[in-house]
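# Report on the structure
Chain by chain, the residues run as shown.
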Amino acid sequence: MKRRVKLTYPQDKIQEPLLFSMAKKFNVMPNIRRARVTETVGEIVLELEGKADDLDKGLGYLKKQGVEIELIEGDVIE
């Protein structure tokens, strides 16, 4: 299963490897489609691929870290 999402990082988390950690911990494969990262803004648009339960757990992990998650239209691809 795939989901398209936009992640917005809080300023204090921009330098942390949260996406890498999420991918490793929850067996989710990210495919970055677009990114804008500066010292004050961290935005990534990506497709995440994995089992539905793993995707939910991975996104939950990011949310707990303070990352804002926005599902993009057509977010589920079977």
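Above: the structure in question.
One structure accompanies this document, and this report is about it. (Residues numbered from 1 in each chain as written. Predicted model: local features only at pLDDT ≥ 70, side-chain atom pairs only at ≥ 80, totals over all residues. Heavy atoms only, no water.)

### Describing the overall build of the protein
- Scanning the protein for helices and strands turns up two helices and four strands.
- Residues classed as buried in the protein amount to 33% of the 78 residues present.
- Contacts in the protein between residues at least 24 apart in sequence constitute 70% of all its contacts with a sequence separation of at least 6.
- Accessible surface for the protein amounts to roughly 5,100 Å². Of this, 48% is attributable to carbon and sulfur atoms.
- In the protein, which carries 14 positive and 14 negative side-chain charges, the distance between the mean positions of the two groups comes to 3 Å. (Helix = DSSP H or I, 4+ residues; strand = E, 2+ residues; numbered from the N terminus. Buried < 20%, exposed > 50% of the residue type's maximum accessible area, 1.4 Å probe, protein only. Contact = heavy atoms within 4.5 Å. Areas by Shrake-Rupley, 256 points an atom, 1.4 Å probe, with all protein chains shown as cover. Lys, Arg positive; Asp, Glu negative; His and termini not counted. Charge placed at Lys NZ, Arg CZ, Asp CG, Glu CD.)

### Describing unusual backbone geometry
- Phi at Asn-27 is positive, roughly 55°, even though this residue is not glycine.
- With a relative accessible area of 58%, Asn-27 lands in the exposed category.

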